[in-house]
Amino acid sequence: MPVRHQHSPPPVADPLANLIVPIVTVTVIDQRGRLLLFKREKPGQLFENHWEVVGGRIEFGETSAEAAQRELWEEAGISAKPEFVTVLEHVGRRSVVVPASYHRIMFVYVAVVDNPKVVKTEHHHYRWLPVDNLPGKIIPFNREAIYYTLVHIKQHPKGQLPLFAEYAFSRRLTLLKPAAENEDLGDEHEQLSLLA
């Protein structure tokens, strides 16, 4: 039975519409506890101008672990062996943030790195940010992956109990409380807050 929603996502281009697409994400965290985010600049496509973690499609013939390592090198120029965290699935017909034609199976990885030097290859903008001061405009499914990763490595934002990503995503434990304007990021910075 189709799931009905009160709000429809905005019409945007999805080159992978009507396909089940296996992807990887790699949440990169340095020894200072900062998280690496890239600005998504794909005009007219889903989540344009949102921040995102390293990630991409799994190519035919490669494992998710190989894809995670490849994407980490291609997108950030970082050579590391990411650690597996979990698998998440996102189906558009059950979502208000993507069209019904969207279907991704996400293999979530984490890479904790020592003083890495980021080599920008696929993105024009990136930032290292503390986990308790992330921008609000992060791709929702990436935000969920970040939560799972923080639980996995037992690194929780200040003042927070261990995060449970399934609760965070569905019940809106999100980074949605406006805090201060940050000129470097070009959008509102926000703090973790539990919204009822």
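Look up a bit, the structure's there.
Heads up: these notes are all about the structure in this document. Nothing here was measured: the structure is a model prediction, and the numbers come from that model.

### Remarks on the overall build of the protein
Phase 1: If you tally the helices and strands in the protein, you get 3 helices and 9 strands.
Phase 2: Its helices and strands taken in sequence order, the protein reads β-β-β-β-α-β-β-β-α-α-β-β from the N to the C terminus.
Phase 3: Counting every position in the protein, which comprises 196 residues, the buried fraction comes to 46%.
Phase 4: Of all intrachain contacts in the protein linking residues separated by at least 6 positions in sequence, the fraction that spans at least 24 positions is 67%.

### Structural notes on the nonpolar core
Phase 1: With 18 residues, the main nonpolar core has V26, V28, L36, L72 and I78 as its most contacted residues.
Phase 2: Looking at this core element by element, the count peaks at 4 residues for helix α1 (residues 64–76).
Phase 3: If we skip the residues at most four places from it in the chain, L72 touches V26, V28, V54, G77, I78, A80, P82 and A111.
Phase 4: L16, V21, V108 and I139 belong to the second-largest nonpolar core, a separate cluster that totals 15 residues.

### Observations concerning the packing of aromatic side chains
Phase 1: This structure, assessed with the given rule, holds 2 aromatic pairs.
Phase 2: Ring geometry for F38 and Y126: centres 6.1 Å apart, planes at 45°, overall tilted. A residue pair is termed long-range when its members are at least 10 positions apart, and F38 in strand β2 (residues 34–39) and Y126 in strand β7 (residues 126–130) qualify at 88 residues.
Phase 3: Given the relative accessible area of 0%, F38 is considered buried.
Phase 4: The class for Y126 is partly exposed, based on a relative accessible area of 24%.
Phase 5: Aromatic side chains F84 and Y109 sit 5.5 Å apart centroid to centroid with 75° between the ring planes, which places their arrangement in the edge-to-face category.

Reading guide: rules and limits
Once a new chain begins, its residue numbering starts again from 1 and follows that chain's sequence as written. Reporting in this predicted model follows two pLDDT cut-offs: at least 70 for local features of residues, and 80 or more for side-chain atom pairs to be given and counted; totals over whole chains, interfaces and linings ignore these cut-offs and use all residues. The basis for the side-chain values is all heavy atoms of the structure; hydrogens and waters are excluded. In DSSP terms, a helix is any run of H or I states spanning at least four residues, a strand is any run of E spanning at least two, and both are numbered starting from the N terminus. Between buried and exposed lies partly exposed: a residue is buried under 20% and exposed over 50% of the maximum accessible area for its type, with that area taken using a 1.4 Å probe on protein chains only. By definition in these notes, contact holds between two residues if any of their heavy atoms fall within 4.5 Å. Put simply, a nonpolar core is a bunch of buried Ala, Val, Leu, Ile, Met, Phe, Trp, Tyr and Cys residues held in one set by side-chain atoms that sit within 4.5 Å of each other. Aromatic rings from Phe, Tyr and Trp, taking only the six-membered ring of Trp, are treated as a pair when their centres fall within 6.5 Å; an angle between ring planes under 30 degrees marks them as stacked, one over 60 as edge-to-face, and anything in between as tilted.

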